[in-house]
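Structural features, examined
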Amino acid sequence: MDVDGKIAVITGGASGIGRSTALELARRGADIVVADVNDERIAEVQGEVEALGRRYLGVHCDVTNDADIEHMRDAAISTMGQVDIVMSNAGVAMIGPPEGLSMAEWDWILQINLYGVIRNVRAFLPHLLERGSGHVVNTASVAGLFAYSWDHPTYITAKFAVVGFTEALALYLKPLGIGVTLLTPGLVETNMGETARLGGVDDISRWIREIPLETPVPADAVGVLVADAISADRYHVMTHPAEASAKMRARGQDLDAFVASQIALLPMPPNLYREG
Ligand code: NAD
């Protein structure tokens, strides 16, 4: 797809990876709709997109809310004329042990990170299918390719589901003329720490352990990768291709051995019940 002259909608587009993609697509000639809950940052991105000479619509939109998504979709299509690129990217993180997390805590993360993606894709699909063109980008994580640690069970669960949903979408949409891209970032420098929550435990210091992480990449680099994938109609985008590919290969070859190697690699979690 030639991005020039296209219209892109990005949830969570006011910050981090979403903002970086909005700006890169605007640089390449796209008009931008940002759907986010952070009004201050929605306004900041407006200035940045308009400085690039592109049209911009910022909508306060909570991806957990059906009416918000439908209102945003209608506003995007009526203001911009049509929508070509739909990036479902809004996401949050939660640390917490599976035995302590309440169902309300599970619901918080699954509503944003999983149902938020499904809700947004579902809202725009009829519009894309009617025209038999367009591109869907879903932001998952390396956490959706393998369980990278024991301290983010909610996050890993949501991201595995986004990976499955996106793969199923690719099988369905590709033959119908609609491109699909799965973004699985490793560590990226963004504002995600601001919205992250601790679930199921009161004292984070007793729970957090040092977990080896890859070198973070700047958010600005990710928008370029996403825009390149849309232009080239590529499915999988990684920020840390060497590390993620090696893990996926090992996981694909022998799941028993892979899980055992991950357990051996990670420091032991505290047993909060036994340790008192
Ligand atoms: P970020 O916090 O900088 O940006 C996320 C944006 O989503 C924010 O503007 C926030 O206001 C918005 N948002 C949060 N809840 C929302 C809701 N209910 N409705 C609408 N908008 C909402 O973080 P980021 O790192 O750019 O995250 C973008 C995506 O990338 C997320 O899906 C995240 O899981 C994924 N990701 C991030 C990393 C990383 O290391 N930063 C790694 C892998 C995957």
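Refer to the structure presented above.
Residues numbered from 1 in each chain as written. Predicted model: local features only at pLDDT ≥ 70, side-chain atom pairs only at ≥ 80, totals over all residues. Heavy atoms only, no water.

This next bit is on the overall build of the protein. Secondary structure summary: the protein contains 10 helices and 11 strands in total. Its C-alpha atoms give the protein a radius of gyration of 19 Å, near enough to 19 Å, the size a compact globule of 276 residues would have. Counting only C-alpha atoms and orienting by the principal axes, one finds that the protein spans roughly 60 × 40 × 30 Å. Every one of the 276 residues in the protein was classed for burial, and the buried ones make up 50%. In the protein, of all internal contacts separated by at least 6 residues, the share reaching a separation of at least 24 is 74%. (Helix = DSSP H or I, 4+ residues; strand = E, 2+ residues; numbered from the N terminus. Rg over C-alpha atoms; globule rule 2.2 N^0.38 Å. Buried < 20%, exposed > 50% of the residue type's maximum accessible area, 1.4 Å probe, protein only. Contact = heavy atoms within 4.5 Å.)

For the rest of this paragraph, the subject is the packing of aromatic side chains. What the rule picks out here adds up to one aromatic pair. Their ring planes at 90° and their centres at 6.1 Å tell us that F146 and F258 sit as a pair that is edge-to-face. Of this pair, F146 sits in the loop between β6 (135-139) and α5 (153-173) while F258 sits in helix α9 (residues 255-265), placing them 112 residues apart in sequence. Classification of F258 as buried rests on a relative accessible area of 7%. (Phe/Tyr/Trp six-rings, centres within 6.5 Å; stacked < 30°, edge-to-face > 60°.)

This part is about the sheet that holds strand β7 (residues 179-184). With parallel pairing, seven strands are arranged side by side in an open sheet as β3-β2-β1-β4-β6-β7-β11. Each end of this open sheet is capped by a strand with a single partner; those strands are β3 (56-60) and β11 (236-238). Looking at each pair of strands side by side, their axes are set apart by 15° on average, direction ignored. Sheet topology note: the β7/β11 ladder contains three bridges and is parallel. When the bridges of β11 are listed, L183 appears paired with V237. Running over the sheet, helix α2 (residues 39-51) touches β2 (31-36) and β3 and is turned about 175° from β3. Together, β4 (85-88), β6, β7 and β11 form the strand contacts of helix α7 (residues 219-232), whose direction differs from that of β6 by roughly 145°. (Pairing = 2+ DSSP bridges. Axes fitted to C-alpha atoms, helices over the stretch in contact; angles between N-to-C directions.)

A few words now on the side chain of S88. Tracing the sequence through the fold places S88 in strand β4. Judged by its relative accessible area of 1%, S88 falls in the buried class. For S88, the side chain forms a polar contact with the side chain of N120, separated by 2.9 Å. Leave out the neighbours within four places in its chain, and S88 touches T11, V117, N120, V121, V137, N138 and T139. (Polar contact = N/O pair within 3.5 Å; in protein donor to acceptor, adjacent residues only side chain to side chain.)

What follows deals with the site of the ligand. In the vicinity of the ligand, 27 residues are found, and the nearest of them are S15, D36, Y155, V188 and T190. One of the side-chain nitrogen or oxygen atoms of D36 is found 2.6 Å away from an oxygen atom of the ligand. V188 places a polar main-chain atom, nitrogen or oxygen, 2.8 Å from an oxygen atom of the ligand. Where the shell around the ligand is concerned, the elements lending two or more residues are α1 (16-27) and α5. (Near = heavy atom within 4 Å.)

Honestly, that's just the spatial picture; any functional story needs more than this.
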